[in-house]
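In case you want the letters, here they are:
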Amino acid sequence: MSEALLEIRDLNMHFPIKGGVFQKTKKHVKAVNGVNLSVNKGETLGIVGESGCGKSTLARTIVGLQKPTSGDILFEGESILHYSHKEMHQLRRNIQMVYQDPYTSLNPRMKAGDIIGAPLKAYRMTNNLERRVKELMDLVGLKADDYHKLPHQFSGGQRQRIGIARAIALNPKLLILDEPVSALDVSVQAQVINLLEDLQKELNLTYVFIAHDLSVIKHTADKVGVMYLGKVMEISDSESFYNNARHPYTNALLSAIPLPDPEKERMRERIVLSGELPSPANPPTGCVFHTRCPFAQENCKTNTPLLEAKDANDGHLVSCFYPLNTEKKQLIPE
Ligand SMILES: Nc1ncnc2c1ncn2[C@@H]1O[C@H](COP(=O)(O)OP(=O)(O)O)[C@@H](O)[C@H]1O
Ligand SMILES: [Mg+2]
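Residues numbered from 1 in each chain as written. Chains lettered and ligands numbered in written order. Predicted model: local features only at pLDDT ≥ 70, side-chain atom pairs only at ≥ 80, totals over all residues. Heavy atoms only, no water.

- Under the annotation held in an unreviewed UniProt entry, the protein chain carries the name Dipeptide ABC transporter ATP-binding protein and is attributed to Oceanobacillus jordanicus.
- Its UniProt record gives the protein chain the following Sequence similarities (unreviewed entry) comment, quoted word for word: "Belongs to the ABC transporter superfamily." (UniProt positions renumbered as here; feature names shortened; annotations may be inferred.)

### Let's talk about helix 6 (residues 186-203)
Thinking step 1. An ideal rise of 1.5 Å per residue puts 26 Å on 18 residues; helix 6 measures up with 26 Å between its terminal C-alpha atoms.
Thinking step 2. For helix 6, every residue scored as buried is listed here: Val188, Gln189, Val192, Ile193, Leu195, Leu196, Leu199 and Gln200. Seen end-on, helix 6 carries its buried residues on one side only, within an arc spanning 160°. Relative to its buried face, helix 6 has exposed residues pointing more than 90 degrees away, namely Ser187, Lys201 and Glu202.
Thinking step 3. In this fold, the buried residues of helix 6 make contact with strand 3 (44-48), helix 4 (129-139), helix 5 (156-168), strand 7 (174-178), strand 8 (206-211) and helix 7 (214-217).
Thinking step 4. The first or second residue beyond helix 6 is asparagine 204, which carries a positive phi of 60°. (Helix = DSSP H or I, 4+ residues; strand = E, 2+ residues; numbered from the N terminus. Expected span 1.5 Å × (residues − 1). Buried < 20%, exposed > 50% of the residue type's maximum accessible area, 1.4 Å probe, protein only. Arc of directions from axis to C-beta. Contact = heavy atoms within 4.5 Å.)

### Overview of the pairing of strand 9 (residues 223-228)
Thinking step 1. When you tally the buried positions in strand 9, you get 6 out of 6 residues, the bulk of the element.
Thinking step 2. Alternating residues of strand 9 divide into Lys223, Gly225 and Met227 and Val224, Val226 and Tyr228, and every residue in both groups is buried.
Thinking step 3. Looking at chain direction, strand 3 and strand 9 are connected through 4 bridges and run parallel. When the sheet's bridge partners are listed, valine 48 is paired in strand 9 with valine 226.
Thinking step 4. The hairpin turn running from strand 9 into strand 10 (residues 231-237), its antiparallel successor, is 2 residues long, and leucine 229 in that turn takes a positive phi close to 45°. (Pairing = 2+ DSSP bridges.)

### So, the UniProt feature "domain: ABC transporter" (unreviewed entry) in the protein chain
Thinking step 1. Mapped onto this numbering, the UniProt entry gives "domain: ABC transporter" (unreviewed entry) at residues 8-254.
Thinking step 2. Across residues 8-254 one finds 36% helix and 28% strand; the C-alpha atoms that close the span lie 25 Å apart.

Below, the structure written as structure tokens:
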């Protein structure tokens with residue numbers, strides 16, 4: 001069961017910035033900068049990173065809303081970047097997206113039932129439309145009489161349920177979840193995450209679950225990748241990721257998750273990153289993280305580390321010349 005459903009190879013998405021009197025391209029925002037990833041069938045790949053690191057750009061490129069600058073995207077082993085309009089239309093049934101903000105991603109003038117049924121209409125699957133929509137509403141925990149309500153009559157969590165029902169309407173194979181719970185109250189987040197987990201099992205879905213902090217995907221992701229300024233810094237299966245994180249950036253992110261045990265929480269050291277997040281229009285040379293890394297050496301400023309396995313060939317990949325080991329983690333400065 002280790003068949004890749006989605007593979008991303010050396011993907012770049014660089015946006016031109018124009019300036020000056022002649023509106024010439026001055027620079028590029030390297031929103032996604034050489035990303036390699038793969039997701040197996042039935043798995044959840046969690047992607048984490050600070051705001052602006054390129055997560056949504058990656059998501060939009062995967063679902064075909066943006067054409068990448070270079071690289072390749074394979075779905076079920078086939079490159080999708082040169083698909084015809086018709087092939088793309090068919091592919092979209094299989095790759096659907098859930099957006100971060102359930103307030104702006106739903107048309108305020110459309111009834112819930114029509115929003116959920118819209119993809120079915122677009123694909124002319126209108127036989128028993130109302131019955132299918134009610135079945136979807138039931139699957140995501142909405143009531144049948146919610147059918148005729150408008151988005152503003154729902155709570156944030158319910159609105160995200162509408163977005164999820166719309167995303168699964170066409171029986172897709174892959175869902176790209178772009179911070180699906182970030183806009184929700186903490187108490188509601190867990191309910192929506194549980195719903196997504198149940199649906200995954202029931203409908204045999206594969207997820208790319210984007211989050212901006214690690215605690216959201218801690219229990220959901222089978223594999224976790226960390227992005228920083230358009231690049232993947234570390235990626236591995238969840239167990240190895242949480243027990244043996246090697247990248248200084250990952251360790252900084254992990255040290256920000258509060259521990260449930262107050263004693264341990266008091267004892268542990270928190271890694272506070274110095275300096276500001278650089279702009280992706282002007283990323284640092286060498287390792288992009290060197291300007292904020294407590295362990296950076298001279299060569300980190302000029303040489304770019306590859307994303308590669310450090311010890312065993314276990315698929316735990318790290319992009320760092322000086323990955324942390326257990327002793328070093330204890331020396332992490334405050
Ligand atoms: N269409 C665009 N044109 C120019 N810059 C963009 C565009 N979309 C995103 N960006 C820039 O790319 C970077 C990554 O953005 P985004 O993918 O939205 O990050 P995230 O989702 O991780 O917060 C940001 O600096 C953003 O301003
Ligand atoms: Mg985003």
